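# Notes for the structure review
Chain by chain, the residues:
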Amino acid sequence: MSPFDLLLQQIINGLSLGSMYALLALGFTIVYGIMELINFSHFNVFMIGSFVAMGVLSLFGLQGQSILMHGAPLVVALIVALVVTMVACGLLGVLIERVALRPLRGVQGPMAMITTIGVSYVLSNATMLALGANTKNFPNPIPPMTFHIGTAQITAFQIVIWVLSALLMGGLYMFVQRSKLGKAMRATAQDPDAALMMGVEVNRVIMTAFFLGSALAGAAGFIFGLYYNFTNFGIGFTAGLRAFTAAVLGGIGNIPGAMLGGILIGLIEAMAGQYVGAKWADVIIFSLLVLVLIARPAGLLGRLAPTKS
Amino acid sequence: MDTMDTTTVTPDAKPGHENTNALHTVEAPPARWHWLSGPFERPGVRRATIVLLAVFALAFPFITGDQANIDAAGNATAYACLALGLNIVVGFCGLLDLGYAAFFAIGAYSFGILTSWQITPEWSGFWSPFAALGLVQKVVQNGHALVHFTVSFWIMLPLSGVIAAFFGVLFGAPTLRLRGDYLAIVTLGFGEIVPIVARNWSSLTNGAAGLNGIASPTIFSYRFGINATPYYYVGIGLVAFLIFASTRLRDSRIGRAWMAIRDDEIAASAMGINLTRFKLLAFGIGAGFAGMSGTFYVAKLQTATPDMFGFPVSVMILVMVVLGGLGSVWGVVLGAVLLQLLQSWFLGDLTQWVNAFGTLIHSGYLSSIDLTQASELLFGIILVIMMLYRREGLIPANRRQRALSFEQQHATVQMQKRASDITLSQIGGEGYRHEPGAVPMLEINDVTVRFGGLVALNKVNITVPAGGVVAVIGPNGSGKSTLFNTITGLTRAAEGSILFNGQEIIGLPPHEILRLGIARTFQNIRLFGTLTVAANIMVGQHARLKAGPISAILRSPKNLPEEKAARAWIVEIAQIFGNRLAPRLTQTVVGLSYANRRRVEISRALASKPRLLLLDEPTAGMNTSESLELAEQIKGLHALGLTILIIEHKLDVVTRIADKVIVLDHGDKLTEGLPDEVRRNEAVLEAYLGRGAAAHA
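## Re the overall build of chain B
The helix and strand tally for chain B stands at 29 helices and 14 strands. Within chain B, the fraction of its 697 residues that count as buried is 55%. Taking the contacts inside chain B whose residues are at least 6 apart along the sequence as the reference set, 75% of them involve residues at least 24 apart. Only carbon and sulfur atoms are counted for the fraction: they give 60% of the accessible area of chain B, which is about 28,900 Å².

Below, the structure written as structure tokens:
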């Protein structure tokens, strides 16, 4: 491979990874925008998503690495798996909010954040106890069609990831910008008190935010499984932390920012793997996080809110 | 004129802006546990309990006699040390550190590298002095002269604390000015980086396999080896020292500053606390505790691998702190002991019971389940349950408040009736007097403040003469509080200058401005919600006291009288308000009435011995007689020589105390003059009551 093709190949890989991080980062950013809460349970909603997707695919008989379906049945199976995963994860997010976070609403300090760490631990360890600590094979049902640009190649399933992510992100953006509930979300993010006084049902807005964010995390979990062909109870931590970095990089609370940040983190990870060594990828990403927070705390697209005194 | 009065007397002018943030952080323990906690409120019982605990801890190896138990107890001491350190960062200072185990790792690897065969440079003359001190040995291997590090455990114990503290400051410095929730994520990232570096920098750390051959400590030529007992005693000694240091720090100027930052950063900096310095101090001391624990732990295990210091360890320590009680020194030790018991004993036994039960009912799942793997699940459950049902932990940091007696609550208000009765030994006298012809105390020249497109102050000029009382009035949104925020450094002016006794103060941080002698109160009351009335007022003295961390721990001869004088001084200040605050000094401010909270804020500002006192609507929420009582007290403070700048809506108060009134409207200075002149000014009436209103007034 020529150096240029190598670079191109890593850009292709980075965009695929980045789409996944972007979907995951959106969940952080929506919830943070409305509640100013870093939701660590999001890490493992993503992990659960990969298991749900694996379960649904296996109901269709899709197991292991062999290609068992083609054409319309495959598309139907994938769409059903995606929808079920997203709804299941969305409901899990709503449940977490209702049970563990709503009682803490209005409590100051790191209390709510500590609770989400606890919830995250419960999710991952309960999964481990129920399904075992070993790594599971995630099915690879998409036929290995490839397209070539020079010697760099794009696989069919990378294109599936791109299209899927673009549709989901576009849908979310339209929802937030155009729908009445989306407008209520934006209003609550800017000023919860004023929104409340204008008749916005804050509980409903927060539940919607958790549902949407968690559903996107489920989609990201599905993509993770397709991309890496494995899953286990521990995948949430690293991916979640990178996605959170993406949200901060783009400007936390800012929806286009999370998308941009996710793509950038995916590219950085792919480049680091190629040119520096995969084992240093996290060091580079977290160092970048620290640098961004120091140099531009509001992120690339975010704007700092005026300080209240 | 009456019309104007009634429209401007708005006690709760901005209900939406009510600052309640700090007042609900940590609740007092519920009364139903009082039968258990009550006896411990008596100092005698507390002391006796500590002695009993110490005796038990010292006798423990003889009681059990089992090496495995002593070993587990030794591990518990290491975790207790970590919990004590994290408690300083999270519990005292309110900084959520999710990568705390990184400092544990730094302490551990510092010791491990300097006492093992991991690094063996070529021998040269450079090393001779170190060899003479016993820090290194010359070793000849295959004809090569090599350096073998043999630094003593007893040197490394404090030294690794210093090394870890250095890294704490290094990593804290750029990140501590971030918002608290960002800090959590940065520390989490940092906590990930350190084990990755340890895993991948094999030449220094031997990578994933871990450091081996770490020398065990010796004392008087007795080598600890693999005997668990001496390690246990070292651990107990370390825990005892860290409990002692934590308690001393908590009860000092340092601890008060940390808790003030935790409760309300803005108020803390306005009261003279250098936020960056004190956050770094907490971060550094917490890291230092972790570094010492790391050295102890690695000496005990005689190995160090990257997996010993990952995120799960940071979370485990956090669980200990949350379980025991954020900010509670004895609580976090209890939390560490309980978690160690849970892991090393309870879960193992429970597994055996469940397995036996599973065999009985022929359940393959139950008979083979290993619950010791479920410890992290339990950590998660503990975190959630504690946060939902008992946020203050098992042993709350705040002792239960004894309610005032009925007589005290309903006591007739007694106070100095006349302004001239007010005296304060440390305020007033020559230095405070107005000197005719001297520069004005405060000179605000052409100050403009913008928030985005909004001009909050537009080329405002105000002069406050030394010894004057100047009132600022104006409708809501006219820029009055912005003016105060600009003077005290919370808001940066875009243009103009503010001279305090001839010195430019724009650009100075709030704590420097307080140090120069400007103290303020807040319109929305910003008290430190978890602290007592006395502690709140003590925080006001922060800039005037000197105790540093070491003299606070040692209670040095310099520190003790300073602290004593400071306590006498707050009692004296509380006397200004007669018997309103004095009987409530030991109460937390949560239980105070609105008016008393305002009085505490004024007392806190006075405690810093200011030259210029800025009062932002001090009588808001007070009834007429209380307002006039406060007006009288303000006059008394003025008589002592204090210069006062006051924002006030109640014109009867303004008329009573002010020599000069300044009217702001939409960021512009409308006019200034004597109170009576301003009352008759048509532009003022128009600003308050609308066009044409002047004709009817």
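## Let's talk about the interface of chain A and chain B
At the interface, 42 residues of chain A touch 45 residues of chain B. Roughly 4,100 Å² of surface becomes buried between chain A and chain B when both sides are summed, with 76% attributable to carbon and sulfur atoms. The interface formed by chain A and chain B includes 0 salt bridges. Put simply, chain A and chain B have 0 residue pairs in polar contact (both at pLDDT 80 or more) between them. Of all the secondary-structure elements, those providing two or more residues to the side of chain A that touches chain B are helix 3 (71-101), helix 4 (111-131), helix 9 (235-250) and helix 11 (281-295) of chain A. A total of 13 residues in the side of chain A that touches chain B trace back to one element, the largest contributor, which is helix 4 of chain A. Residue composition of the side of chain A that touches chain B, grouped by class: 31 nonpolar, 6 polar and 5 charged.

## With respect to the environment of B:S603
Residue and element names in this part refer to chain B. Of note, S603 is situated in helix 24 (residues 594-607). With relative accessibility at 0%, the residue S603 sits in the buried group. With 28 residues separating them in the primary sequence, S603 and Q575 have C-alpha atoms 9.7 Å apart. Leave out the neighbours within four places in its chain, and S603 touches I537, I573, F577 and L581.

## A few points about the sheet that holds strand 13 (residues 660-665) of chain B
All names here are of chain B. Read across the sheet, 6 strands follow the order 10-11-12-7-13-14 without closing on themselves; strand pairing throughout is mixed. Two strands bound the open sheet, and with one partner strand each, they are strand 10 (518-520) and strand 14 (668-673). Ignoring which end each strand starts from, the neighbouring axes of this sheet average 20° apart. Where strand 11 (residues 612-616) and strand 12 (residues 643-647) come together, 5 bridges link them in parallel fashion. Opposite L612, over in strand 12, you have T643 as the bridge partner. Strands strand 7 (469-473), strand 11 and strand 12 of the sheet are contacted by helix 25 (residues 624-639), whose axis makes an angle of about 150° with strand 12.

## Overview of the packing of helix 9 of chain A against helix 8 (residues 180-200) of chain B
Axis separation between helix 9 of chain A and helix 8 of chain B bottoms out at 11 Å; the angle between their running directions is 135°. Regarding the angle of helix 9 of chain A to helix 8 of chain B, the classification is oblique. In this structure, helix 9 of chain A crosses over helix 8 of chain B, and the sense of that crossing is left-handed. Contact residues: helix 9 of chain A offers A:F237, A:L241 and A:F244, while helix 8 of chain B offers B:I185, B:L188 and B:E192. Among the residues making up the contact of helix 9 of chain A with helix 8 of chain B, the classes are represented as 5 nonpolar, no polar and 1 charged.

## Concerning the domain arrangement of chain B
Residue and element names in this part refer to chain B. Structurally, chain B comprises domain 1 (66-309) and domain 2 (419-696). Centre-to-centre, using C-alpha coordinates, domain 1 lies 45 Å away from domain 2. The interface of domain 1 with domain 2 comprises 27 residues on the first partner and 32 residues on the second. Contact between domain 1 and domain 2 buries roughly 2,600 Å² in total, counting both sides, with carbon and sulfur atoms accounting for 64%. For the pair domain 1 and domain 2, the number of links is 2 salt bridges. We note a salt bridge from R526 to D264, for which the minimum N-O separation is 2.8 Å. Linking domain 1 with domain 2 are 11 residue pairs in polar contact (both at pLDDT 80 or more), by the criterion used here. Elements represented by at least two residues in the side of domain 1 that touches domain 2 include exactly helix 10 (228-250), helix 11 (253-263), helix 12 (265-270) and helix 13 (275-301).

## Some details on the side chain of B:T229
Tracing the backbone shows B:T229 in helix 10. Every residue in contact with B:T229, bar those within four places of it in the chain, is listed here: B:P61, B:Q67 and B:I70.

## What about the nonpolar core?
If you look at the biggest cluster of nonpolar residues, it comprises 269 residues, and the most contacted ones within it are B:I185 and B:W258. Here this core gets 16 residues from one element, more than from any other, and that element is helix 8 (residues 202-228) of chain A. Ignoring anything within four residues of it in the chain, the contact list for B:W258 reads B:I88, B:F92, B:C93, B:L249, B:F278, B:L281, B:A282 and B:I285. One finds B:V460, B:I462, B:V464 and B:I518 within the second-largest nonpolar core, a separate group that totals 27 residues.

## Description of the pattern of salt bridges
Going through the model one piece at a time under the given rule, you end up with 21 salt bridges over all chains. A salt bridge links B:R250 to B:D251; the nearest nitrogen and oxygen atoms lie 3.1 Å apart.

## A look at the packing of aromatic side chains
Within this structure, the stated rule accounts for 30 aromatic pairs over all chains. On the numbers, 5.5 Å between centres and 50° between planes, the contact of B:F103 with B:F190 is tilted. Pair noted here: B:F103 is in helix 5 (residues 101-115) and B:F190 is in helix 8, with a separation of 87 residues, a long-range link. Taken together, the ring pairs connect A:F28, A:F40, A:F43, A:Y121, A:F237, A:F244 and B:F311 into an aromatic cluster. Its guanidinium or amino end placed over the ring of B:F522, B:R526 lies 5.8 Å from that ring's centre, counting from NZ or CZ.

## Some points on helix 21 (residues 533-540) of chain B
By the criterion of burial, helix 21 of chain B is predominantly enclosed, with 8 of the 8 residues buried. When we look at burial in helix 21 of chain B, the residues that qualify are B:V533, B:A534, B:A535, B:N536, B:I537, B:M538, B:V539 and B:G540.

## Comments concerning a nonpolar patch on the surface
All names here are of chain B. Taken together, the side chains of I50, L53, W330, L334, V337, L338, L341, W345, F346, W353, L394 and I395 present a nonpolar region at the surface, about 1,000 Å² in accessible area. Of all the elements in the fold, those that place two or more residues in the nonpolar patch are helix 3 (43-64) and helix 15 (329-360). Take the nonpolar patch: its biggest share by element is 8 residues, from helix 15. As for its position among the elements, L53 is in helix 3.

## Examining the sheet that holds strand 6 (residues 454-464) of chain B
All names here are of chain B. Pairing within the open sheet is antiparallel, and its 4 strands lie in the order 6-5-8-9. The sheet is open, and its two borders are formed by strand 6 and strand 9 (503-504), each paired with just one other strand. Both strand 8 (residues 495-500) and strand 9 contribute to a ladder of 2 bridges, which runs antiparallel. From the neighbouring strand, F500 faces strand 9, where its bridge partner is Q503. The sheet strands contacting helix 19 (residues 480-487) are strand 5 (442-451), strand 6 and strand 8, and the helix crosses strand 5 at an angle near 110°.

Conventions adopted
Residues numbered from 1 in each chain as written. Chains lettered and ligands numbered in written order. Predicted model: local features only at pLDDT ≥ 70, side-chain atom pairs only at ≥ 80, totals over all residues. Heavy atoms only, no water. Helix = DSSP H or I, 4+ residues; strand = E, 2+ residues; numbered from the N terminus. Buried < 20%, exposed > 50% of the residue type's maximum accessible area, 1.4 Å probe, protein only. Contact = heavy atoms within 4.5 Å. Areas by Shrake-Rupley, 256 points an atom, 1.4 Å probe, with all protein chains shown as cover. Buried area = accessible area lost by both parts, 1.4 Å probe. Salt bridge = Lys/Arg side-chain N within 4 Å of Asp/Glu carboxyl O. Polar contact = N/O pair within 3.5 Å; in protein donor to acceptor, adjacent residues only side chain to side chain. Nonpolar A, V, L, I, M, F, W, Y, C, P; charged D, E, K, R; others polar. Pairing = 2+ DSSP bridges. Axes fitted to C-alpha atoms, helices over the stretch in contact; angles between N-to-C directions. Parallel < 35°, antiparallel > 145°, perpendicular 65-115°, else oblique. Left-handed = near helix turned anticlockwise from the far one by under 90°. Domains from an automatic or database assignment. Core = buried A, V, L, I, M, F, W, Y, C linked by side-chain atoms within 4.5 Å. Phe/Tyr/Trp six-rings, centres within 6.5 Å; stacked < 30°, edge-to-face > 60°. Lys NZ or Arg CZ within 6 Å of the ring centre and 35° of its normal. Patch = residues over 30% accessible without salt bridge, like charges linked within 9 Å, V, L, I, M, F, W, Y side chains within 5 Å.

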